[in-house]
Each structure stands twice: as C-alpha cells, then as structure tokens.
Amino acid sequence: MVQKNRVIPMDSIWEEQTVYLGENLLSEKDYLDIGIIFTKITGNGVLKHKYQTLVRSILKNTRSPIHIHLITDDQSLLAAQHVTRILENQHRVPVKVTPYFLQDIAQQVKDVISIMQAHFSAKPGAYYADALFFISLAFYKAAPSTLKKIVFIDVDCKVVTDIRELFLHFSQFQKDNVIGLTHELTPVYRHVLHTYRAKHNNTPFGGPRKNGFPGFNSGVILMDLDKLRSSVEYASLLSKTVIDVLAAKYNFKGHLGDQDFFTLTGFEYPELYYVLPCEWNRQLCRWWEHRGYEEVFESYFECSDKTKIYHANCNSEFPDF
C-alpha cells in the first residue's frame, strides 16, 4: 500500500547504552516508522538491488507492520513501489510507503543544507555534497506532526534481527537526547582532526571507543521528532555562526555529510545524542586500514557483540550467512 504525501511541509556520556528487552514497550500491531533515502535510480541497478536487500531483510525478520518513509524522486519511487509490493506479498508483513520528494524537502530546508555543505563536503559537486546527505539534519522540519519517532537506515544496510528491538532503544533516551547513533568504527575522524589532535595530545576526540570519542556514523539514526521540534539547543546548532565557530575551533573540515555535523556538535553537546551499541550499525568499511592507520585500525573497528544490522559502507560486501 503506497500513500502519496508530497511534502512541502566525561567518558560515561559517550558510552554505548545497554537496553533490557524484558518489558514489551511496543505492540506487534504498531507500525514501525522507518526512513530510507532512495533517489537517482535511473541507470543504477545496483542501488535498486540494495533497496531490495534492505527491505527484504527487514520484512524477513519481523512480524510488525512497517511504514517506510521514502526520501525519493519520481523514477525511484516507481522502482521502490514495485520492489516493496513483491516483498510485502512474499513475507506477509503489512507495509505502507509514504514518499517525500527530495527536491521539495531540499527546498524547504535549503538554508540548513547550504550551511552544512560549506563545511561537510569535500568540494562542490562531490558525492557527499549532494543535498540528500544533509536531509536528516532537518527532516523534523518537513515531517508531519503526527510522526513522532523514526529510524533512518542507509540503503546499503542489512538487518538480521527483529527491527522492533531497535525501536525499544527510544525508551533509553535521557531527557536531552534527541538523536541516537552508533560510533564511527574507523579512524576517519582521527584523520580529520589531525591538526587539532597535534595541538591537544590528551583529547579524546578522534580516539577509539575504549578511551575516546571516534565520532558518529549515520548509517542508522534514531530520531525523536517531537523532542527535536522542541529542542532549542539542537535548533541553535543549525546556524552558520555556530558551525563556523565549532569548525574553526577544531580545525574541522569534513566530507561525510550529516555524520560530520553529528560528530562535530557531539564534541560540545554530547547530551543531545544517545549512543547506540555498535551491533546496530556494524560498519564493514576497511578503507582507512591501508591509509596509514594499520596499527590502530582494529581498536576502532572492533565490535564484539552479535551484529544486528550490517552496514556495507564504501561498497563493502556483506558476510556470507
């Protein structure tokens, strides 16, 4: 079932949180709201396959009805409709799809996107300079007020457990937490912060999880939209003045879109973020291992708990099951 909705509308604070699932906080009849960005499908069969893999993995492992909030375009929506309808019939799990057209949301939050592109993309026209990599920062401004909580999952992910378990982490949010993310599992922010770290030898920023803060990865994002709408502190961070000051202070020039914003603001506003355990975004990218960080790479990459979502970032391959 597709609903058309064109939208113009110190150490402890970074520790991963343990959630106890004994209490049933969600009814299996409740629709789970999942955000997926799926655009520019034309001529990109690989992207369609990724969407199919992600949605199949969600439906295969749950009995809960799923409401997909799709950031998309006209051609990509047609492909998603076709794939989703087939998978819904195969797995007998109710699925609703609400499309939000990228061009409309981007126009609505263009001021925020413009600010972020200046600091968090390698150069104009680069892969991560595209507006779609910044939509998550201000999605709460475009989402309907009836949407209270949502989990965004990158299209290059595969879920291997009941996705309902992930939604239970919202109950673990502290008073000021508005967004939940896992840590970054590579030394990319050690690299980004090399100038700052050279001047501040004891900083935890850019360090591995054991004793530091390696930054965030945005492959899986929990958003409490009601709390985002009412958070004066979060809204204040979506300004050129604040981001200019923070970027200058930390000599921070990012290139990974929204997760650069979450990481940079996480240095000084960690109370806004709930740290999701690494098994909910088990990143597979090893690109930095052979870029001068061989000796420290495993201290970042390690995630010993049983994986619940695999994230095949930088075109990695999923392990055989």
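Notes on the structure in this doc start here. It should be emphasised that the depicted structure is a prediction, and the values quoted were computed from it without experimental measurement.

Let us now look at the overall build of the protein. Within the protein, the secondary structure is distributed over 13 helices and ten strands. Put simply, the protein has 321 residues, and 56% of those count as buried. About 14600 Å² of surface is accessible on the protein, with carbon and sulfur atoms providing 50% of the total.

Once that is clear, we can look at the sheet that holds strand β1 (residues 32-37). Taking strand neighbours across the sheet as the criterion, the seven strands line up as β3-β2-β1-β4-β7-β6-β8 in an open arrangement whose pairing is mixed. Each end of this open sheet is capped by a strand with a single partner; those strands are β3 (95-101) and β8 (273-275). Going across the sheet, the axis of each strand differs from the next one's by a mean of 25 degrees, ignoring polarity. The pairing of strand β6 (residues 179-183) with β8 spans three bridges and is classified as parallel. Note on β8: the bridge partner recorded for I179 is Y273.

This next bit is on the pattern of salt bridges. Oppositely charged side chains are able to pair whenever their charged atoms sit close together. Overall, the coordinates contain eleven salt bridges when judged by the stated rule. With its nearest N and O atoms 3.2 Å apart, the salt bridge here joins D176 to K175. A salt bridge links R286 to E289, with the nearest nitrogen and oxygen atoms 2.7 Å apart. Through salt bridges with shared partners, a single ionic network connects K148, D226 and R229.

Bringing unusual backbone geometry into the picture now. One non-glycine residue, K40, adopts positive backbone phi at about 60 degrees. Looking at the secondary structure, you find K40 in the loop between β1 and α1 (45-60). When its relative accessible area of 48% is taken as the criterion, K40 is described as partly exposed. Backbone geometry places R92, a non-glycine residue, at a positive phi of 55 degrees. Tracing the backbone shows R92 in the loop between α2 (74-91) and β3.

Moving on to the pairing of strand β4 (residues 149-153). Burial within β4 is extensive, with four of its five residues counted as buried. The pairing of β4 with strand β7 (residues 216-224) spans five bridges and is classified as antiparallel. Considered in β7, the bridge of F152 is made with I221.

Under the definition given, this model contains two disulfides. A disulfide bridge connects C278 with C303, and the sulfur atoms are separated by 2.0 Å. Across the disulfide from C278 to C303, rotation about the S-S bond amounts to roughly 90 degrees, and the bridge is consequently right-handed. With C278 in the loop between β8 and β9 (282-283) and C303 in the loop between α13 (297-301) and β10 (309-311), the pair connects residues that are 25 residues apart, well separated along the chain. There is a disulfide in this structure between C285 and C314, and the S-S distance comes to 2.0 Å. With the S-S dihedral at roughly 115 degrees, the linkage between C285 and C314 falls on the right-handed side. Separated by 29 residues along the polypeptide, C285 in the loop between β9 and α13 and C314 in the segment after β10 bring together distant segments of the chain. When its relative accessible area of 6% is taken as the criterion, C285 is described as buried. For C314, a relative accessible area of 44% corresponds to the partly exposed category. Sequence-ordered numbering of the bonded cysteines in the protein gives a pairing of 1-3, 2-4.

Reading the values: rules and limits
Residues numbered from 1 in each chain as written. Predicted model: local features only at pLDDT ≥ 70, side-chain atom pairs only at ≥ 80, totals over all residues. Heavy atoms only, no water. Helix = DSSP H or I, 4+ residues; strand = E, 2+ residues; numbered from the N terminus. Buried < 20%, exposed > 50% of the residue type's maximum accessible area, 1.4 Å probe, protein only. Areas by Shrake-Rupley, 256 points an atom, 1.4 Å probe, with all protein chains shown as cover. Pairing = 2+ DSSP bridges. Axes fitted to C-alpha atoms, helices over the stretch in contact; angles between N-to-C directions. Salt bridge = Lys/Arg side-chain N within 4 Å of Asp/Glu carboxyl O. Disulfide = S-S within 2.5 Å.

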